[in-house]
Amino acid sequence: MFKKGLLFVVLLTTFAFAAVACGGNDTSEPAPAPAENGGQAPEEGATGGDATNDEAMTLYNANCMACHATDLAGGGNFPSLQNVGSKYDAGEIAGIISNGRNGMPAFQGRLTEDEINVLSQWLAAKK
Ligand code: HEC
(Lines give C-alpha, C1' and ligand atoms only; values in the text may rest on other atoms or scores of the structure.)
Protein backbone atom coordinates (compact mmCIF):
# COMPACT_ATOMS: atom_id res chain seq x y z
CA MET A 1 0.00 0.00 0.00
CA PHE A 2 2.45 2.59 1.22
CA LYS A 3 5.06 1.51 -1.26
CA LYS A 4 2.61 1.80 -4.10
CA GLY A 5 1.65 5.27 -2.99
CA LEU A 6 5.28 6.27 -2.81
CA LEU A 7 5.92 4.93 -6.27
CA PHE A 8 3.00 6.93 -7.56
CA VAL A 9 4.38 10.09 -6.03
CA VAL A 10 7.80 9.37 -7.47
CA LEU A 11 6.31 8.80 -10.90
CA LEU A 12 4.32 12.01 -10.66
CA THR A 13 7.40 13.94 -9.65
CA THR A 14 9.40 12.43 -12.48
CA PHE A 15 6.69 13.36 -14.90
CA ALA A 16 6.54 16.90 -13.58
CA PHE A 17 10.28 17.30 -14.07
CA ALA A 18 10.13 15.82 -17.54
CA ALA A 19 7.34 18.20 -18.47
CA VAL A 20 9.36 21.20 -17.31
CA ALA A 21 12.48 19.96 -19.06
CA CYS A 22 10.66 19.56 -22.37
CA GLY A 23 8.82 22.83 -22.00
CA GLY A 24 11.96 24.77 -22.80
CA ASN A 25 10.59 28.21 -22.28
CA ASP A 26 9.33 28.44 -18.74
CA THR A 27 7.53 31.74 -19.14
CA SER A 28 5.09 30.29 -21.63
CA GLU A 29 4.19 27.42 -19.31
CA PRO A 30 0.71 27.81 -17.96
CA ALA A 31 0.41 27.72 -14.20
CA PRO A 32 0.11 24.15 -12.94
CA ALA A 33 -3.47 23.02 -12.88
CA PRO A 34 -4.89 23.19 -9.38
CA ALA A 35 -4.91 19.81 -7.70
CA GLU A 36 -8.32 18.44 -8.29
CA ASN A 37 -10.02 19.22 -5.02
CA GLY A 38 -7.12 18.23 -2.79
CA GLY A 39 -9.39 16.15 -0.60
CA GLN A 40 -11.59 18.62 1.19
CA ALA A 41 -14.99 19.03 -0.33
CA PRO A 42 -16.20 22.59 0.05
CA GLU A 43 -18.83 22.97 2.71
CA GLU A 44 -22.12 24.00 1.25
CA GLY A 45 -24.29 24.17 4.27
CA ALA A 46 -27.24 21.84 4.60
CA THR A 47 -28.04 21.52 0.92
CA GLY A 48 -26.97 17.88 1.09
CA GLY A 49 -25.93 18.11 -2.53
CA ASP A 50 -22.74 17.17 -4.27
CA ALA A 51 -20.46 18.54 -1.58
CA THR A 52 -21.52 15.81 0.84
CA ASN A 53 -21.27 13.22 -1.87
CA ASP A 54 -17.74 14.32 -2.70
CA GLU A 55 -16.78 14.31 0.94
CA ALA A 56 -18.13 10.80 1.38
CA MET A 57 -16.24 9.56 -1.65
CA THR A 58 -13.04 11.20 -0.47
CA LEU A 59 -13.44 9.55 2.91
CA TYR A 60 -14.27 6.25 1.29
CA ASN A 61 -11.24 6.37 -0.98
CA ALA A 62 -8.93 7.17 1.91
CA ASN A 63 -10.30 4.73 4.49
CA CYS A 64 -12.39 2.00 2.96
CA MET A 65 -11.37 1.44 -0.63
CA ALA A 66 -8.39 -0.74 0.30
CA CYS A 67 -10.79 -3.46 1.40
CA HIS A 68 -14.12 -2.69 -0.22
CA ALA A 69 -12.62 -1.83 -3.64
CA THR A 70 -12.98 1.17 -5.88
CA ASP A 71 -16.59 0.76 -6.86
CA LEU A 72 -17.79 -0.63 -3.49
CA ALA A 73 -17.67 -4.04 -5.11
CA GLY A 74 -15.73 -5.74 -2.34
CA GLY A 75 -14.07 -9.01 -3.20
CA GLY A 76 -12.56 -11.95 -1.38
CA ASN A 77 -13.45 -11.68 2.29
CA PHE A 78 -14.67 -8.14 1.87
CA PRO A 79 -18.39 -7.68 1.33
CA SER A 80 -19.74 -5.54 -1.46
CA LEU A 81 -21.30 -2.30 -0.24
CA GLN A 82 -23.15 -1.62 -3.47
CA ASN A 83 -26.54 -2.46 -1.96
CA VAL A 84 -25.68 -2.03 1.66
CA GLY A 85 -28.48 0.51 2.09
CA SER A 86 -31.11 -2.16 1.56
CA LYS A 87 -29.56 -4.19 4.37
CA TYR A 88 -28.88 -1.53 7.00
CA ASP A 89 -30.03 1.98 7.77
CA ALA A 90 -27.59 4.84 8.32
CA GLY A 91 -27.53 4.28 12.08
CA GLU A 92 -26.61 0.63 11.74
CA ILE A 93 -23.92 1.43 9.21
CA ALA A 94 -22.51 4.10 11.51
CA GLY A 95 -22.34 1.44 14.22
CA ILE A 96 -20.39 -0.94 12.00
CA ILE A 97 -17.98 1.80 10.94
CA SER A 98 -17.47 3.03 14.52
CA ASN A 99 -17.05 -0.32 16.21
CA GLY A 100 -15.85 -2.53 13.41
CA ARG A 101 -16.94 -6.15 13.06
CA ASN A 102 -14.91 -9.31 12.57
CA GLY A 103 -12.35 -8.42 9.86
CA MET A 104 -13.51 -4.83 9.73
CA PRO A 105 -11.49 -2.36 11.81
CA ALA A 106 -13.17 0.16 14.13
CA PHE A 107 -12.97 3.72 12.88
CA GLN A 108 -14.01 5.41 16.08
CA GLY A 109 -11.16 7.76 16.94
CA ARG A 110 -9.76 7.57 13.42
CA LEU A 111 -12.70 9.36 11.81
CA THR A 112 -14.77 12.06 13.48
CA GLU A 113 -18.42 11.47 14.26
CA ASP A 114 -19.32 13.83 11.43
CA GLU A 115 -17.19 11.91 8.96
CA ILE A 116 -18.75 8.62 10.05
CA ASN A 117 -22.21 10.15 9.61
CA VAL A 118 -21.41 11.46 6.14
CA LEU A 119 -20.18 8.00 5.13
CA SER A 120 -23.13 6.20 6.69
CA GLN A 121 -25.70 8.38 5.02
CA TRP A 122 -23.98 8.05 1.69
CA LEU A 123 -23.85 4.25 2.05
CA ALA A 124 -27.43 4.02 3.32
CA ALA A 125 -28.51 5.52 0.01
CA LYS A 126 -26.88 2.63 -1.88
CA LYS A 127 -29.80 0.29 -2.44
C1 HEC B 1 -9.20 -3.85 6.64
C2 HEC B 1 -10.29 -4.03 5.71
C3 HEC B 1 -11.50 -3.13 5.83
C4 HEC B 1 -11.54 -1.75 5.82
C5 HEC B 1 -10.37 -0.79 5.72
C6 HEC B 1 -12.93 -1.41 5.88
N7 HEC B 1 -13.70 -2.52 5.94
FE8 HEC B 1 -15.72 -2.57 6.01
N9 HEC B 1 -15.66 -4.59 6.21
C10 HEC B 1 -14.54 -5.36 6.19
C11 HEC B 1 -14.90 -6.75 6.42
C12 HEC B 1 -13.96 -7.93 6.45
C13 HEC B 1 -16.29 -6.76 6.61
C14 HEC B 1 -17.17 -7.97 6.93
C15 HEC B 1 -17.35 -8.01 8.43
C16 HEC B 1 -18.20 -9.16 8.88
O17 HEC B 1 -18.30 -10.14 8.14
O18 HEC B 1 -18.78 -9.06 9.96
C19 HEC B 1 -16.75 -5.39 6.45
C20 HEC B 1 -18.06 -5.00 6.53
C21 HEC B 1 -18.52 -3.72 6.32
C22 HEC B 1 -19.90 -3.34 6.32
C23 HEC B 1 -21.10 -4.28 6.50
C24 HEC B 1 -21.40 -4.92 5.17
C25 HEC B 1 -22.45 -5.98 5.23
O26 HEC B 1 -23.01 -6.27 4.18
O27 HEC B 1 -22.70 -6.52 6.31
C28 HEC B 1 -19.96 -2.00 6.07
C29 HEC B 1 -21.18 -1.10 5.97
C30 HEC B 1 -18.59 -1.54 5.93
N31 HEC B 1 -17.75 -2.63 6.08
C32 HEC B 1 -18.23 -0.26 5.67
C33 HEC B 1 -16.92 0.18 5.67
C34 HEC B 1 -16.55 1.57 5.56
C35 HEC B 1 -17.51 2.72 5.39
C36 HEC B 1 -15.19 1.62 5.64
C37 HEC B 1 -14.31 2.85 5.66
C38 HEC B 1 -14.56 3.79 6.70
C39 HEC B 1 -14.71 0.26 5.77
N40 HEC B 1 -15.79 -0.58 5.78
C41 HEC B 1 -13.37 -0.10 5.85
C42 HEC B 1 -13.26 -4.91 5.97
C43 HEC B 1 -12.86 -3.60 5.92
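Residues numbered from 1 in each chain as written. Predicted model: local features only at pLDDT ≥ 70, side-chain atom pairs only at ≥ 80, totals over all residues. Heavy atoms only, no water.

K.L.:
Pulling in residues and values, what's your account of the packing of helix α2 (residues 50-63) against helix α5 (residues 113-124)?
P.N.:
Between α2 and α5, whose axes approach to 9 Å, the crossing angle comes to 105°. Taken together, the axis directions place α2 and α5 in an arrangement best described as roughly perpendicular. Facing Thr 52, Asn 53, Glu 55, Ala 56, Met 57, Leu 59 and Tyr 60 of α2, the residues of α5 in contact are Glu 115, Val 118, Leu 119 and Trp 122. Across the contact of α2 with α5, the residue classes break down as 7 nonpolar, 2 polar and 2 charged. (Axes fitted to C-alpha atoms, helices over the stretch in contact; angles between N-to-C directions. Helix = DSSP H or I, 4+ residues; strand = E, 2+ residues; numbered from the N terminus. Parallel < 35°, antiparallel > 145°, perpendicular 65-115°, else oblique. Contact = heavy atoms within 4.5 Å. Nonpolar A, V, L, I, M, F, W, Y, C, P; charged D, E, K, R; others polar.)

K.L.:
Tell me about the nonpolar core, and name the residues and values.
P.N.:
In this structure, Tyr 60, Ile 93, Ile 97, Leu 111, Leu 119, Trp 122 and Leu 123 are the most contacted members of the largest nonpolar core, which totals 20 residues. Among the elements of the structure, α2, α4 (90-99) and α5 are those that each provide at least two residues to this core. For this core, the element with the highest residue contribution is α5, accounting for 6 residues. (Core = buried A, V, L, I, M, F, W, Y, C linked by side-chain atoms within 4.5 Å. Buried < 20%, exposed > 50% of the residue type's maximum accessible area, 1.4 Å probe, protein only.)

K.L.:
How would you summarise the UniProt feature "binding site: heme c" (unreviewed entry) in the protein if you had to cite specific residues and measurements?
P.N.:
In the numbering used here, UniProt assigns the "binding site: heme c" (unreviewed entry) feature to Cys 64, Cys 67, His 68 and Met 104. The greatest C-alpha distance among the residues just named is 10.2 Å, despite their covering 41 residues of sequence, which places them together in space. Assignment of secondary structure puts His 68 in helix α3 (residues 65-68). In this view, His 68 contacts Tyr 60, Ala 73, Gly 74, Phe 78, Pro 79, Leu 81 and Met 104; residues no more than four positions away in its chain are not counted. By secondary structure assignment, the location of Met 104 is in the loop between α4 and α5. Those residues in contact with Met 104 that lie beyond four places of it in its chain are His 68, Ile 96 and Ile 97. (UniProt positions renumbered as here; feature names shortened; annotations may be inferred.)

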